[in-house]
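For reference, the chains in residue letters:
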Amino acid sequence: MTDLLAARSQMAMSLGFHIIFAVVGIGMPLLMVVAEWRWRRSGDGIYLDLAHRWAKGTAILFAVGAVSGTVLSFELGLLWPGFMAHAGAIIGMPFSLEGFAFFTEAIFLGIYLYGWDRISPRAHLTAGVLVALSGALSGIFVVIANAWMNTPAGFDLVNAQLVNIDPLAAMRNPAAFAQTLHMTLAAYASTGFVVAGIHALALLRKPQNAFHRRALAVALLVGAPAALLQPLSGDLSARVVARWQPVKLAAMEGQFKTERGAPLRIGGWPDEATGQTRYALEIPRGLSLLAFHDPGAEVKGLPGWSQWEQPQKAQRACVNCRKDDVRWCAERRRVRVSVTV
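Residues numbered from 1 in each chain as written. Predicted model: local features only at pLDDT ≥ 70, side-chain atom pairs only at ≥ 80, totals over all residues. Heavy atoms only, no water.

Asker: Break down the side chain of serine 14 for me, citing the residues and quoting the values.
Answerer: Inspection of the secondary structure assignment puts serine 14 in helix H1 (residues 3-42). Serine 14 has contacts with Val71, Leu72 and Glu75, leaving out every residue within four places of it along the chain. (Helix = DSSP H or I, 4+ residues; strand = E, 2+ residues; numbered from the N terminus. Contact = heavy atoms within 4.5 Å.)

Asker: Residue-level account of the pattern of salt bridges, with values.
Answerer: Scanning the entire structure with this criterion turns up six salt bridges. With a shortest N-O distance of 2.6 Å, arginine 214 and aspartate 44 are connected by a salt bridge. Taken together, the residues span a long stretch of sequence, with arginine 214 in helix H7 (residues 210-244) and aspartate 44 in the loop between H1 and helix H2 (45-79) at a distance of 170 residues. For arginine 214, a relative accessible area of 26% corresponds to the partly exposed category. Between arginine 265 and glutamate 282 there is a salt bridge; the shortest N-O distance is 3.4 Å. Placement of the pair is arginine 265 in strand S4 (residues 264-266) and glutamate 282 in strand S7 (residues 281-283), with a sequence separation of 17 residues. (Salt bridge = Lys/Arg side-chain N within 4 Å of Asp/Glu carboxyl O. Buried < 20%, exposed > 50% of the residue type's maximum accessible area, 1.4 Å probe, protein only.)

Asker: Go over the packing of aromatic side chains, please, and point to the residues and values.
Answerer: For the coordinates displayed, the defined rule picks out six aromatic pairs. Arranged with centres 6.4 Å apart and planes meeting at 65°, the rings of tryptophan 39 and tryptophan 116 form a pair that is edge-to-face. Taken together, the positions of tryptophan 39 in helix H1 and tryptophan 116 in the loop between helix H3 (81-114) and helix H4 (121-150) put the pair 77 residues apart, joining distant regions of the chain. The buried category is assigned to tryptophan 116, whose relative accessible area is 15%. Both rings, one in tryptophan 148 and one in phenylalanine 155, keep their centres 6.0 Å apart while their planes meet at 55°; by these two values the pair is tilted. (Phe/Tyr/Trp six-rings, centres within 6.5 Å; stacked < 30°, edge-to-face > 60°.)

Asker: Any details on the nonpolar core? Residues and values, ideally.
Answerer: Of all hydrophobic cores here, the largest spans 36 residues; its most connected members are Leu31, Met32, Leu50 and Trp54. When residues of this core are traced back to their parent elements, those giving at least two are H1, H2, H3, H4, helix H6 (176-205) and H7. Per-element tally for this core: the top contributor is H1, with nine residues. Residues in contact with leucine 31, not counting those within four places in the same chain, are Trp54, Thr191, Val195, Val218, Ala219 and Val222. (Core = buried A, V, L, I, M, F, W, Y, C linked by side-chain atoms within 4.5 Å.)

Asker: Now, about H1: what can you tell me, with residues and values included?
Answerer: The first and last C-alpha atoms of H1 sit 59 Å apart over 40 residues, in line with the 58 Å expected at 1.5 Å per residue. Roughly 25° is the biggest bend found in H1, and it falls at histidine 18. Glycine 43 sits one or two positions beyond H1 and adopts a positive phi of about 75°. (Expected span 1.5 Å × (residues − 1). Bend = angle between axes of the 7 residues up to and from the residue.)

Keep in mind these values describe shape, not function.
Written out as structure tokens, the structure is:
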């Protein structure tokens, strides 16, 4: 195993673990706030019981997510020091803002947990709203940093040096809105439907149980609207990739030939040697329609790009040359920072 593969594997495992708690940390606070709001509006004690239980679950999962997120922050510097040396000044602001959002969430979660009989009902509900809002903002700020890696902005590359750094412009990079919207909706949809599934299963055993019926209703109230909006968000994200990262689109879809009316492939095995995606089920003109909203639009295939713009070939070339320095690649190959990293 190469150092690069080991670093990627460790990062993937850490992210795969953390994302579960990050998603729940965005979705669960909204569930508990809706439950409390419905209790205060209806006086139904079952909603109060739901708010208490979901608040305790949120606190436990928040604590685990805080630890796994801390591990990831260390891994950024330890596993990718070259990247952070160049990019830290650019994407440091969203990470700093995420820290503010995290501590805001922690403070108001404490107030929410221990303030039931100590502060006014309006203040308590407001604390819950701030927990839900800061949880969502934490995810948004981190995803903005990820979006920057896909569509770098907010700096100039002059003589192989990153200059004229503008952190706010970096946060407004072209992929930021599409990715943050998609991730936030995904968090609400996945959390809502997982909770709904748990209570639906309980209802199969006890169909008349009022607790599970109300919990199912609240969970669907959060998850269903997000799920309905998610396809629109996904379409927006795909078109951002087509506009700003066309070589990534070609690589993801196994598009080896530049053509108009490119088909959408379902499944298949990309074969670089022959320039074909074998065994794929093709939907005529599907890729052109989804990527550009035009069934006759041209999609550029992988061979239409230089090897330094093709993800796999650029990676192999960078690993083989063993010059772990963005300046060398910028001077000799004019590779975009995102590709080099």
